[in-house]
Amino acid sequence: MKKPFLLPLPALLLLAASTAAGQAGRTEPELGYLYPAGAQQGAVARVLAGGQNLRDIKSVYVSGGGVKASVVRYMGRFVRLNGEERKVLKVRITQARERIAAGLPPEKPVEPPPPVEPGGKEGAEPGAGTEGKGGTGGKGAARTGLENISRHPLLGMLHELSLEELEFVERKFLKIDPRLQPNAQIGETAMIEVSVDPDALPGSREIRLLTARGLTNPMRFEVGRLPEACEPAPADAAAGDTDPFELPVLLNGQITPGDADRFCFRAVQGQKLVIRACARRLSPFLADAVPGWFQPTLALLDARGREVAYADDYRFDPDPVLFFEVAKTGVYKIEIQDSIFRGRDDFVYRISVSMEPFITSLFPLGGRIGEETMAFADGWNLASPIITLDTGPGPGRIRGLVLEQEGGFSNRAAYAVDDLPEILKAEPNDALGEAAKVALPAIVNGIVARPGDRDRFLFEGRAGDVLVAEVTARRLDSPLDSLVRLISPSGKVIAWNDDSMRKQGHLHAEIGVLTHHADSYLAAMLPEDGVYCAEVTDAQGRGGPDFGYRLRISPPMGDFELAVTPSTLNLEPGRAAVIRVHALRKDGFDGEIEAGFADSPEGFELQGNVIPSGRDQVRMTVTAPARRFDAPVRLRILGRAVAGGREIKREAVAADDLMQAFLWRHLVPAGEFVVAVMGKGGRERVALLGKTPVRVPLGGSVTVRMRTPMLPVTEGIQLELSEAPAGVGIADVKFMPRRVEFMLTAAEGAVAAGFADNLIVSAFLDRAPDTAKGGKAAANRAGSKRVLVGVLPAIPIKIVKKDE
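Calculation criteria
- Residues numbered from 1 in each chain as written.
- Predicted model: local features only at pLDDT ≥ 70, side-chain atom pairs only at ≥ 80, totals over all residues.
- Heavy atoms only, no water.
- Helix = DSSP H or I, 4+ residues; strand = E, 2+ residues; numbered from the N terminus.
- Buried < 20%, exposed > 50% of the residue type's maximum accessible area, 1.4 Å probe, protein only.
- Contact = heavy atoms within 4.5 Å.
- Areas by Shrake-Rupley, 256 points an atom, 1.4 Å probe, with all protein chains shown as cover.
- Salt bridge = Lys/Arg side-chain N within 4 Å of Asp/Glu carboxyl O.
- Axes fitted to C-alpha atoms, helices over the stretch in contact; angles between N-to-C directions.
- Parallel < 35°, antiparallel > 145°, perpendicular 65-115°, else oblique.
- Left-handed = near helix turned anticlockwise from the far one by under 90°.
- Nonpolar A, V, L, I, M, F, W, Y, C, P; charged D, E, K, R; others polar.
- Core = buried A, V, L, I, M, F, W, Y, C linked by side-chain atoms within 4.5 Å.
- 1 Å grid on protein atoms, 1.4 Å probe; cavity = no way out; pocket = protein on both sides within 12 Å on 5 of 7 lines; lining within 4 Å.
- Points joined across faces, edges and corners; volume = space filled by probe spheres on them.
- Pairing = 2+ DSSP bridges.
- Expected span 1.5 Å × (residues − 1).
- Arc of directions from axis to C-beta.
- Patch = residues over 30% accessible without salt bridge, like charges linked within 9 Å, V, L, I, M, F, W, Y side chains within 5 Å.
- Polar contact = N/O pair within 3.5 Å; in protein donor to acceptor, adjacent residues only side chain to side chain.

A. Expanded view of the overall build of the protein. The helix and strand inventory of the protein stands at 6 helices and 58 strands. In the protein, buried positions account for 53% of the 804 residues. Long-range pairs, those at least 24 residues apart, make up 72% of the contacts in the protein with a sequence separation of at least 6. Here the protein has roughly 35,600 Å² of accessible surface; of this, 52% comes from carbon and sulfur atoms.

The structure is reproduced here in structure tokens:
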């Protein structure tokens with residue numbers, strides 16, 4: 001790799017300073033949880049938002065209609081208090097509650113005078129003798145032993161807090177579990193107020209906080225129709241300590257280490273209860289926890305404390321569901337805990353206990369676009385087993401059905417639509433002699449109806465044709481772990497597949513991102529003319545009425561999906577920031593995909609907007625207009641390509657690239673791609689001059705020119721290629737009035753001709769340590785600080801031979 005080149009400071013001012021600096025130094029605000037993570041229609045709820053870099057919150061952005069939110073206050077960071085501080089805090093909380101109960105005005109407590117040290121003076125250096133016990137101090141402040149209270153943005157103003165806020169302080173600082181390890185990612189808390197319209201549609205919304213440093217990532221917030229309650233204090237009290245809830249009810253809580261929360265409710269004989277936990281749905285992946293999410297278990301206890309039902313999942317979904325028909329009227333208790341007894345603030349859950357409908361299976365699992373399709377539904381508390389599927393034109397091949405009836409709203413049942421002819425399988429079809437013949441192309445709707453069941457379908461094939469067999473089941477919530485085989489006319493298995501690791505389709509999973517890609521996919525060239533057989537079975541030998549599937553048998557039908565990460569972008573007016581656009585290619589399609597904004601506010605630009613042939617992802621840049629925006633804005637990115645002579649248009653799904661358990665990464669869908677444009681407006685934008693893509697010769701170089709504002713030279717920064725392709729470098733940087741030039745090079749043998757990509761040029765500033773603080777020795781220990789100050793607009797390149 002070539003040595004970075006130095007540029008004068010104007011380059012710093014050309015770039016998206018706030019955005020890139022945030023990406024490098026992790027200074028952008030982040031949300032880790034909301035508690036409670038939902039509210040009933042028509043309710044107003046105080047919600048705790050945990051995360052980091054949340055200071056100076058300006059507003060709350062809600063994606064989805066019928067919900068509004070506002071900031072109550074910043075609650076500060078968690079600090080461990082020493083013994084004296086805990087005693088004082090307990091007294092002050094009691095006094096504040098008494099004043100509220102008596103209707104008295106707030107009264108700030110009198111701070112104790114600073115102690116006089118033996119042989120010392122009043123106002124000695126704070127924090128002395130308290131290090132490691134929760135004490136803090138700073139130069140020039142008087143030490144009272146209560147520094148964590150007096151200096152904390154929340155603890156120092158207890159006299160102004162509401163009862164809700166006082167309860168939070170008590171739980172957070174006095175009832176803290178000593179086993180709970182500090183976690184900086186969720187170390188700060190803010191309180192917001194969420195108002196839900198009475199007619200707001202039930203379902204998910206997304207909440208982001210806008211701070212002085214930018215907009216946070218989204219967190220899911222659920223709108224429901226059931227009465228809601230939060231865990232009592234303490235929630236794991238013995239039976240009888242709390243009054244039983246009347247049904248239906250939705251219970252909210254958080255799990256601490258080793259905690260088991262228990263709720264009592266009254267049930268009547270004959271009720272068919274559906275008890276659903278919602279935890280992983282709220283936060284699909286945790287980077288620093290194994291297995292990578294909160295794994296709740298549910299146990300149902302009768303009045304005598306006997307366990308009458310238990311669940312630790314629902315099929316392959318980590319969020320458990322209990323189905324229970326009440327045999328005897330009485331008080332029952334639901335218990336929730338983590339399966340391996342972990343716990344922390346972001347282990348948030350919602351449990352619904354109701355007689356609402358629950359769909360366990362649909363058949364068929366979809367239909368042809370534009371054709372009326374009736375499906376048979378099985379489950380609990382269903383008013384009718386026959387449901388009409390919405391197969392009308394519209395975006396999305398995988399859709400969701402929520403059944404509304406007198407008893408409430410059902411869970412979301414997934415189904416698929418396509419434009420191929422649809423076929424319902426008929427039994428028996430296990431033996432080749434019984435298998436039905438299928439005219440291609442087609443989608444066969446079937447069920448692996450019993451353990452060991454094999455569904456076989458015959459079709460005509462010609463030598464040299466390429467055929468695709470794809471199963472869609474797990475993506476539609478079916479428990480089937482499919483195995484598909486392709487059998488030749490001579491009876492030989494010429495191709496088979498168990499689990500396909502391709503990502504396509506998983507971006508639409510509402511119940512959480514799948515970690516077991518159990519759907520099968522194969523593509524094979526047929527060796528001879530004749531009648532072939534496609535066989536579907538369960539890889540684990542299981543089966544049953546819920547094991548439905550859709551089998552597509554067709555020639556390759558090139559297609560793609562797009563995802564853009566991150567789902568939240570922070571920009572300054574006129575500046576650029578990096579996004580990554582992922583192409584999820586289908587059936588061998590490897591063509592070029594052009595991306596652009598659709599129905600987005602005027603002035604936004606997308607640089608490097610082409611995904612080259614064969615590439616699964618590229619980085620692009622978004623440049624904001626020169627003006628600032630008072631509120632975050634939604635952007636839509638549309639991809640266009642030509643496959644098999646037909647034009648394909650697909651809207652990019654907003655997503656976040658999240659880590660699971662320190663290792664694996666997943667694209668987690670979000671509802672919207674949202675951009676916050678903050679800062680001073682009126683800045684001239686940087687622009688790439690000349691034709692694109694820039695053609696970089698192997699073994700040679702090419703000059704790149706960019707138009708820049710006229711800015712004074714003050715000091716140097718480092719300019720580098722970010723995530724540069726092997727063998728591609730930057731050299732000979734020159735800064736001139738209203739222009740910057742540099743050379744791009746390509747080393748022979750390290751990169752091949754024809755390779756195409758977008759280059760991202762980043763600028764870093766090396767800041768020398770301050771020798772005025774602590775002298776040269778302290779400065780040498782601190783070392784210089786390297787700060788990412790921004791990026792130039794993306795530069796599309798193509799590697800070519802020297803003579804091209």
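B. Representation of the pattern of salt bridges within the structure. This structure, assessed with the given rule, holds 46 salt bridges. Residues Glu246 and Arg266 are paired through a salt bridge, measuring 3.2 Å at the closest nitrogen-oxygen approach. Of the two residues, Glu246 sits in strand S12 (residues 245-246) while Arg266 sits in strand S14 (residues 260-267), which places them 20 residues apart along the sequence. The salt bridge partner of Arg636 is Glu651, with a shortest N-O separation of 2.9 Å. Of this pair, Arg636 sits in the loop between strand S44 (633-635) and strand S45 (637-643) while Glu651 sits in strand S46 (residues 646-651); the two residues are 15 residues apart in sequence, bridging distant segments of the chain.

C. Molecular detail of the packing of helix H3 (residues 83-102) against helix H5 (residues 163-174). Two elements in contact, H3 and H5, have axes whose closest approach is 11 Å; the angle formed by their N-to-C orientations is 165°. Between H3 and H5, the angle is such that the two are roughly antiparallel. As H3 runs across H5, the sense of the crossing is left-handed. Facing Arg86, Leu89, Lys90, Ile93, Ala96, Arg97 and Ile100 of H3, the residues of H5 in contact are Leu163, Leu166, Glu167, Val169, Glu170, Phe173 and Leu174. Grouping the amino acids of the contact of H3 with H5 by side-chain chemistry returns 9 nonpolar, no polar and 5 charged.

D. Quick look at the nonpolar core. With 32 residues, the main nonpolar core has Leu571, Ile579, Phe604, Phe673 and Val675 as its most contacted residues. No other element matches the 4 residues that strand S39 (residues 576-586) contributes to this core. Apart from the residues lying within four places of it in its own chain, the contact partners of Val675 are Leu569, Leu571, Phe604, Pro632, Val633 and Leu635. One finds Leu298, Ala311, Tyr332 and Ile351 within the second-largest nonpolar core, a separate group that totals 29 residues.

E. Fine view of empty space enclosed by the protein. Counted under the stated rule, the structure contains 7 cavities of 30 Å³ or more. The computed volume of the largest cavity comes to approximately 110 Å³. Lining the largest cavity are 15 residues, and of these Ala279, Leu282, Ser283, Asp346 and Val348 sit closest to its centre. At the level of elements, strand S2 (30-35) and strand S10 (219-224) are the ones that each hand at least two residues to the lining of the largest cavity. The greatest single-element share of the lining of the largest cavity, amounting to 3 residues, is contributed by S2.

F. Structural view of the sheet that holds strand S30 (residues 455-461). Strand order in this open sheet of 5 strands is S28-S30-S35-S32-S33, and the pairing throughout is mixed. The sheet is open, and its two borders are formed by strand S28 (436-437) and strand S33 (493-497), each paired with just one other strand. Bridging between strand S32 (residues 482-487) and strand S35 (residues 530-538) involves 6 bridges; their strand directions are antiparallel. Bridge assignment links Leu486 to a residue of S35, and that residue is Ala534.

G. Region of interest: H3. The terminal C-alpha atoms of H3, which comprises 20 residues, lie 29 Å apart, in line with the 28 Å expected from a rise of 1.5 Å per residue. The set of residues buried in H3 consists of Glu85, Val88, Leu89, Arg92, Ile93 and Ala96. Looking straight down H3, one finds that the buried residues subtend no more than 140° of arc, so they occupy a single side. Summarising the geometry of H3, the exposed residues directed more than 90 degrees from the buried face are Lys87, Lys90, Glu98, Ala101 and Ala102.

H. Geometry of a nonpolar patch on the surface. Residues Val290, Phe662, Leu663 and Trp664 make up a contiguous nonpolar surface patch of about 470 Å² in total accessible area. Judged by relative accessible area, which is 47%, Trp664 ranks as partly exposed.

I. Structural context of the sheet that holds strand S4 (residues 44-52). The strand order across the open sheet formed by 4 strands is S2-S4-S7-S6, and the pairing between neighbours is antiparallel. Lying at the two open borders of the sheet, with one neighbouring strand each, are S2 and strand S6 (67-77). Along the sheet, successive strands turn relative to each other by an average axial angle of 25°, direction set aside. Sitting on the sheet, H5 is in contact with S2, S4, S6 and strand S7 (188-196), with an inclination near 45° to S6.

J. Structural detail: the side chain of Ser554. Within the fold, Ser554 resides in strand S36 (residues 548-554). Only 2.9 Å separates the side chain of Ser554 from the side chain of Arg552, close enough to count as a polar contact.

K. Structural view of unusual backbone geometry. The residue after Thr565, namely Pro566, is reached through a cis peptide bond having omega -5°. Cis rather than trans, the peptide bond between Thr692 and Pro693 has omega equal to 0°. Position of Pro693 among the secondary structure elements: in the loop between strand S50 (687-689) and strand S51 (694-697). In this structure, Arg738 is a non-glycine residue whose phi angle is positive, near 60°.

L. Region of the structure containing the side chain of Ser762. Locating Ser762 in the fold gives a position in strand S56 (residues 756-767). Setting aside residues up to four positions removed in sequence, Ser762 forms contacts with Gln718, Leu719, Glu720, Ser722, Leu788, Gly790 and Val791.

M. Layout of H5. The end-to-end C-alpha distance of H5 is 16 Å, a good match for the 16 Å that 12 residues give at a rise of 1.5 Å each. Buried residues belonging to H5 abut S2, S4, S6, H3 and S7.

By themselves these figures say nothing about function.
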